[in-house]
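# Observations on the model geometry
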Amino acid sequence: MCGIAGMIDLSGTRPAPRGVVPRMAHALYHRGPDEDGFLDRPGLHLANRRLSIVGLADGQQPISNEDQTVWTVFNGELFDYPEKRAELEAKGHTFRTHTDTELIPHLWEEYREKMTDHLRGQFAVCVWDSKTNDVLLIRDRSGICPLFYAHRKVDGNDWLLFASEAKALFASGLVQPKPDLTGIGHIFTFFAMPGPVTVYDGVSLLAPGKYLHLTPGRGSPEAQLTQRTYWQVTYPDRGHEDYGADEAKTVRDFEDVLFASVTRRLRADVPVVSYLSGGVDSSLVVAMACKAIGRPIPTFTVSVQREGMNEESEAKVLGCEPVTVKCGHDELRSGYPELIAAAEFPVIDTSCVGLLHLARAVHQSGYKVALTGEGADEWLAGYPWFKLN
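A short tour of the structure in this document, coming up. (Residues numbered from 1 in each chain as written. Predicted model: local features only at pLDDT ≥ 70, side-chain atom pairs only at ≥ 80, totals over all residues. Heavy atoms only, no water.)

## A few points about helix α2 (residues 81-90)
Here is the rule we go by: With a 1.4 Å probe rolled over the protein chains alone, any residue whose accessible area is under 20% of its type maximum counts as buried; one over 50% counts as exposed, and the rest are partly exposed. A run of DSSP states H or I qualifies as a helix once it reaches four residues; a run of E qualifies as a strand once it reaches two. Both are numbered from the N-terminal end. Note that the arc is defined by the directions from the helix axis to the C-beta atoms.
Of all the residues in α2, the buried ones are Y81, K84 and L88. Buried residues of α2 fall within an arc of 65° about the axis and therefore sit on the same side. Immediately downstream of α2, the backbone of G92 shows phi near 105°, a positive value.

## Brief notes about the environment of D155
With respect to the secondary-structure elements, D155 resides in the loop between β8 (148-154) and β9 (157-163). Residue D155 is classed as exposed on the basis of its relative accessible area, which comes to 76%. Sequence spacing of D155 and P17 is 138 residues, and the spatial spacing of their C-alpha atoms is 9.8 Å.

## Topic: the nonpolar core
Let me state the cut-off plainly: For the purposes of this section, nonpolar cores are sets of buried Ala, Val, Leu, Ile, Met, Phe, Trp, Tyr and Cys residues that join through side-chain atoms within 4.5 Å. In this analysis, two residues are considered to be in contact whenever any of their non-hydrogen atoms come within 4.5 Å of each other.
If you look at the biggest cluster of nonpolar residues, it comprises 37 residues, and the most contacted ones within it are M115, F123 and I138. Where this core is concerned, the elements lending two or more residues are β5 (70-78), α2, α3 (103-111), β6 (121-129), β7 (134-139), α8 (280-293) and β16 (369-371). Among the elements that line this core, the one with the most residues is α8, at five residues. F123 has contacts with F74, N75, G76, L78, I138, R139, D140, R141, C145 and Y230, leaving out every residue within four places of it along the chain.

## Concerning the pattern of salt bridges
Where we set the bar: What counts as a salt bridge is simple: a side-chain nitrogen of Lys or Arg found within 4 Å of a carboxyl oxygen of Asp or Glu.
Applying the stated criterion to the full structure yields 17 salt bridges. R85 is the salt-bridge partner of E89, the closest N and O atoms lying 3.2 Å from each other. One end of the pair is E89 and the other is R85, both in helix α2 and four residues apart, which spans about a single turn. Judged by relative accessible area, E89 falls into the partly exposed class, the value being 38%. Linking R333 and D330 is a salt bridge whose minimum nitrogen-to-oxygen distance equals 2.6 Å. Of this pair, R333 and D330 both sit in helix α9 (residues 329-343), three residues apart, which is roughly one turn of that helix. The residues R333 and D330 share a single accessibility class, namely exposed. One salt-bridge network, in which partners are shared between bridges, spans R31, E165, K167 and E344.

## A short note on the sheet that holds β16
For the record, the criterion: Pairing between strands is defined by DSSP: at least two bridges between the two strands are required. Every axis corresponds to a line fitted to the C-alpha atoms, with the helix fit spanning only the stretch in contact, and the corresponding angles, defined between N-to-C directions, vary from 0 to 180 degrees.
Read from one edge of the open sheet, four strands run β15-β14-β13-β16, paired in parallel fashion. Across the chains shown, the open sheet's two edge strands, defined by having one partner strand only, are β15 (323-327) and β16. Recorded for the sheet is a direction-independent mean angle of 30° between the axes of neighbouring strands. Here strand β13 (residues 272-275) pairs with strand β14 (residues 299-304) via two bridges, running parallel. Looking at β14, one finds that Y275 is bridged to F300. Against the sheet, α8 contacts β13, β14 and β16, and its axis sits at roughly 155° relative to β13.

## Observations concerning the packing of aromatic side chains
Two aromatic rings are characterised by how far apart their centres lie and by the angle between their planes. Condition: Stacked, tilted and edge-to-face are the three classes assigned to paired rings of Phe, Tyr and Trp, where Trp is represented by its six-membered ring and a pair needs centres within 6.5 Å; plane angles under 30 degrees give stacked, over 60 edge-to-face, the rest tilted. Lysine NZ or arginine CZ positioned within 6 Å of the ring centre and within 35 degrees of the ring normal marks a charge as sitting over the ring.
On inspection of all chains with the given rule, the structure shows three aromatic pairs. Aromatic pair F170 and Y200: ring centres 5.0 Å apart, planes at 75°, arrangement edge-to-face. Placement of the pair is F170 in helix α4 (residues 166-171) and Y200 in the loop between α5 (181-190) and β10 (204-205), with a sequence separation of 30 residues. A relative accessible area of 17% means that Y200 is categorised as buried. Judged by centre distance (6.1 Å) and plane angle (80°), the ring pair of F300 and Y367 falls under edge-to-face. Of this pair, F300 sits in strand β14 while Y367 sits in the loop between α10 (352-364) and β16; the two residues are 67 residues apart in sequence, bridging distant segments of the chain. For F300, a relative accessible area of 1% puts it in the buried group. Accessibility expressed as a relative area gives 24% for Y367, which makes it partly exposed. Lying across the ring of F259, K291 places its NZ or CZ 5.1 Å from the centre.

## Considerations on the packing of helix α7 (residues 247-264) against α8
Put simply, the rule reads: Roughly parallel means an angle under 35 degrees; roughly antiparallel, over 145; roughly perpendicular, 65 to 115; everything else is oblique. Crossing handedness follows the turn of the near helix against the far one: under a right angle anticlockwise gives a left-handed crossing, and clockwise gives a right-handed one.
Their axes nearest at 9 Å, the elements α7 and α8 cross at an angle of 70°. By the criterion of interaxial angle, the relationship of α7 to α8 is roughly perpendicular. Like other packed secondary-structure pairs, α7 and α8 cross with a definite hand, here right-handed. Residue-level contacts link E255, L258, F259, V262 and T263 of α7 to L284, V285, M288, A289, K291 and A292 of α8.

## Let's talk about the pairing of β6
For β6, the buried fraction is high: seven of the nine residues fall into the buried class. In terms of strand pairing, β5 meets β6 through nine bridges, oriented antiparallel. Looking across to β6, one finds that E77 is bridged to Q122. By the bridge criterion, six bridges tie β6 to β7 in an arrangement that is antiparallel. The residue of β7 that forms the bridge with D129 is D134.

What follows is the structure, encoded as structure tokens:
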């Protein structure tokens, strides 16, 4: 999972107040218990809490390019990193580690702001070029990895604080957790928090497919904090939909894309497991993962303690023997406050408590990476409210 945080002087190169960024990083310990790392430069202070998945021995962050002029902290995974690394090496770039994070400074060197076109995966990124003092904050296309930020004046100077979770901003002591009624209204209207508005006053969320391009000392804070779009989903106009002239080919093409996607997500230097329900989404993911690896993978299933809703038996049809996690009324009631604390906003769908228990079971079993069937309904409009949104 990992967590990133930082503090940037938007006016120039003043030092940050002592202890602020370490406090922010400590608030993210649960996201990255394996190690931490910091970069302190005049006007720029970066932190990372790492959950090591790729490049276990040499993937410590922050990571730089060859001459240490470009630095990055990164939460997520770039699934095509072997292919992208080979492309960059062919262009003359030299790599010192085995981690996907090292792609980022080299992508900046090669493509500058257009590096966003070459990031494939789930990510929240901060990259800094010490030669030009350019800073990019980037969030992945689907918004899987969160990135919060707040603009604050400290001793009359403009600072940007950013972090993977809002609680890290609050840990800085410079951002107060005050409610934003507009953001709370978004939650109860859309059942989600798409951003940039959040449920906290003065705290923004970098929206999916967006980035911030900062050059401290140049331009107003308002201009620098304008979110820019590098990608957005598009839909055909009514009457111009392409349903595919050959239905069998359309199905095969969809299966090929999905199988390639699952296969890429199995690239890790640690074992990969999966959530598994009795539904179509996670069942397909698990079946394809087992096919790609050539054996059953460990699975984890929520056993809902209510008649007609328990999918435990259906989850065993793939030949996997899932670890089952019981979740009934008592677990829902007792776990809801913890869910809110983790999500950092009101959660309308109480089934997320089951996912919280499932994630805990994965962790307690010693695993770090789990595939899921999450996201399918959003992209394929599996429920009526996704059609409306």
